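# Structural features, examined
Single-letter residue listing:
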Amino acid sequence: MTGIFIALISGALMSLQGIFNTEVTKQSSMWVSASWVQFSALVTCLVIWAASDRSSFSALVKINPRYVLLGGVFGAFITYTVIQSMSALGPARSTMLIVIAQLTISWGVELLGMFGVEKADFSMRRLMGLLIAVAGVILFEWES
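From a predicted model like this one, the values you see are computed outputs, not experimental measurements. (Residues numbered from 1 in each chain as written. Predicted model: local features only at pLDDT ≥ 70, side-chain atom pairs only at ≥ 80, totals over all residues. Heavy atoms only, no water.)

So, about unusual backbone geometry. Asn64 connects to Pro65 through a cis peptide bond whose omega is -5 degrees. Among the structural elements, Pro65 can be located in the loop between α2 (30–53) and α3 (71–89). (Helix = DSSP H or I, 4+ residues; strand = E, 2+ residues; numbered from the N terminus.)

What follows is about α2. A rise of 1.5 Å per residue sets the reference length of α2, with its 24 residues, at 34 Å; its end C-alpha atoms lie 33 Å apart and thus fit the reference within 8%. Taken from the residues just after α2, Arg54 is the one with a positive phi, measuring 60 degrees. (Expected span 1.5 Å × (residues − 1).)

For the rest of this paragraph, the subject is the pattern of salt bridges. All chains considered together, the criterion is met by two salt bridges. Between Arg93 and Glu141 there is a salt bridge, and its shortest N-O distance comes to 2.4 Å. One end of the pair, Arg93, is in helix α4 (residues 91–112); the other, Glu141, is in helix α5 (residues 124–141), and 48 residues separate them in sequence. Taking relative accessible area as the criterion, Arg93 reaches 35% and is therefore assigned partly exposed. Accessibility expressed as a relative area gives 25% for Glu141, which makes it partly exposed. When the shortest N-O distance is used, the salt bridge between Arg126 and Glu110 registers 2.9 Å. With Arg126 in helix α5 and Glu110 in helix α4, this pair connects stretches of sequence that are 16 residues apart. A residue is classified by how much of its surface remains accessible, and Arg126, at 39% relative accessible area, is partly exposed. Under the relative-accessibility criterion, Glu110 is labelled partly exposed at 31%. (Salt bridge = Lys/Arg side-chain N within 4 Å of Asp/Glu carboxyl O. Buried < 20%, exposed > 50% of the residue type's maximum accessible area, 1.4 Å probe, protein only.)

Right, let's talk about the environment of Met114 for a bit. With respect to the helices and strands, Met114 occurs in the loop between α4 and α5. Along the chain, Met114 and Ser87 lie 27 residues apart, while their C-alpha atoms are 32 Å from each other.

Below, the structure is given as structure tokens:
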């Protein structure tokens, strides 16, 4: 139950962050906004680390495989693409398409057992769930 609650909070925060970042971009520029997002995230993480965790950053040199350290690079491009999509499509359309893309890629990673994720068997039920989600987006956007 806790995982569901945290996932719902995460989705809500992502939507709000996209809206806020889009507004900052309108009043500054894309890369100023993206830099601020990443910088403020770094400061927040360092404050929380200092207050609670304090484990050594030297553990990062032991991370294997190395490519998993690219999450921050993805974060920069996520910020960019969310701002661009929300600016072009609006928050609701953008968020729906982002969630469909997340679901599709995540399920594909599970099906193929990529990046150290345990391989999952194909499930017709999950395929139907994905297709229903896509149908929901179409229904949400349908204009009479």
